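Listed below are the residues making up each chain.
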Amino acid sequence: MAASCQNVAQTLAAVAARRPALEPVLRAFEDVLTARAALAAELSAERADAAGMAEDGGPRLPDWSGERAEQGRSLLAGVPLTGLRAAVRRTAETLLPLLCAKGDVAAHKAALEAFFLAPAQSRRDRRDVLAEAVLAGDASTFQRLAAEAGLPPEVLEFVAEFVLSPPLRALADQAGRAGQNAPWDEAGAWRQGYCPVCSSFPVMGWLDKPAFDEKNAFLSGGGGKKHLYCSLCGTSWTFRRGACPACGEEGNGVMEILRESGKSRGERLDWCTKCKSYCPTVDLRECGGVPDMDAMALGMMHLDMVAARKGLSPLKASFWNLF
């Protein structure tokens, strides 16, 4: 997983300097993106101090299984998330006030607080059920939870994306402890276009910078290896540059690149000629630094607008690319 050298504020400031027209939107979400990152770091550190165990006996990240990976099953596929509710409530206490200040969400503040901040209801708490439904793509359960809470599904989806993210990032972070490479990035270990941890599609991709071998000054890599980034659990994984993450088609002419004329700073759209899906991508070899990936995804919303005009569909629907 690529460690971001810039934080949210630094990345958004750099984007705003290049694209002043986007600054109002970027600044509107700087607080919630910053808070989400801080919560994820806190929860991850606490799990590390507790040897990966949650205070309430909450879920742990299962061990990597090559057999499951070959079947295309992510680590959390089918795993009960009982006990995640404690961390979800904690993140909601911080994020709900920020999220309820955004647009039409404020009208649903009371219902959102009743859903996310309620005391534990039972062993099958609805916050745990929500997390499982989101990871499984279980639309019927998600719609039922929204109806029971008196919330429009789109509002619950918007808030859940933020509130579930820090606990899931803390879970995913268990795999990269002690400076070790994540198991899904071993050669050929994971070949899917969706996240090896939570099964979500990536919000963006990135091409890495040249790497130098500190043990041998004569060895280096030219960079350019492609990685995909999951905004839900914060996982990055390597992926084949000539393949479509959505439909799996691969070969010459499958993936095309769309970029603006002039200096693009590595920003582009990778889109599939077969299924018409796309993924914003940044080539770090053309950037001065390594951006925060969540902030960078928001900062490339101008390319989402271009994609919408071309009739392309995003791999991952986000609050800024649903035009």
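Residues numbered from 1 in each chain as written. Predicted model: local features only at pLDDT ≥ 70, side-chain atom pairs only at ≥ 80, totals over all residues. Heavy atoms only, no water.

> Sorry, what's going on with unusual backbone geometry here?
Residues apart from glycine generally show negative phi values, whereas peptide bonds are mostly found in trans. Although it is not a glycine, S199 adopts a positive phi angle of roughly 75°. Structurally, S199 can be placed in the loop between α10 (165-172) and β1 (204-207). A positive phi angle, near 65°, is found at K276, a position not held by glycine. With relative accessibility at 37%, the residue K276 sits in the partly exposed group. (Helix = DSSP H or I, 4+ residues; strand = E, 2+ residues; numbered from the N terminus. Buried < 20%, exposed > 50% of the residue type's maximum accessible area, 1.4 Å probe, protein only.)

> Would you mind showing me how to read the pattern of salt bridges here?
It is possible for side chains bearing opposite charge to pair when their charged atoms get close. Scanning the entire structure with this criterion turns up 21 salt bridges. Across the pair R19 and E267 runs a salt bridge, and its minimum N-O distance is 3.4 Å. Highlighted residues: R19 in the loop between α1 (8-18) and α2 (23-28) and E267 in strand β7 (residues 267-272), separated in sequence by 248 residues. Its salt-bridge partner being R259, residue E286 comes within 3.7 Å of it at the nearest N-O pair. Linking E286 in the loop between β8 (277-283) and α11 (293-299) with R259 in the loop between β6 (255-258) and β7, this pair joins segments that are 27 residues apart in sequence. Note on E286: relative accessible area 37%, which makes it partly exposed. Take R259: its relative accessible area is 36%, and that puts it in the partly exposed class. (Salt bridge = Lys/Arg side-chain N within 4 Å of Asp/Glu carboxyl O.)

> Looking at this model, I keep getting lost on the packing of helix α3 (residues 30-49) against α10. Mind explaining?
The angle between the axes and the distance between the axes are what describe a pair of packed helices. Orientation of α3 relative to α10, taken along the N-to-C sense of each, is 40°, at an axis distance of 8 Å. What the angle tells us is that α3 and α10 run oblique. Between α3 and α10 lies a crossing of right-handed hand. Across the interface between the two elements, R36, L39, A40, L43, S44 and R47 of α3 pack against S165, P166, P167, R169, A170 and L171 of α10. (Axes fitted to C-alpha atoms, helices over the stretch in contact; angles between N-to-C directions. Parallel < 35°, antiparallel > 145°, perpendicular 65-115°, else oblique. Left-handed = near helix turned anticlockwise from the far one by under 90°. Contact = heavy atoms within 4.5 Å.)

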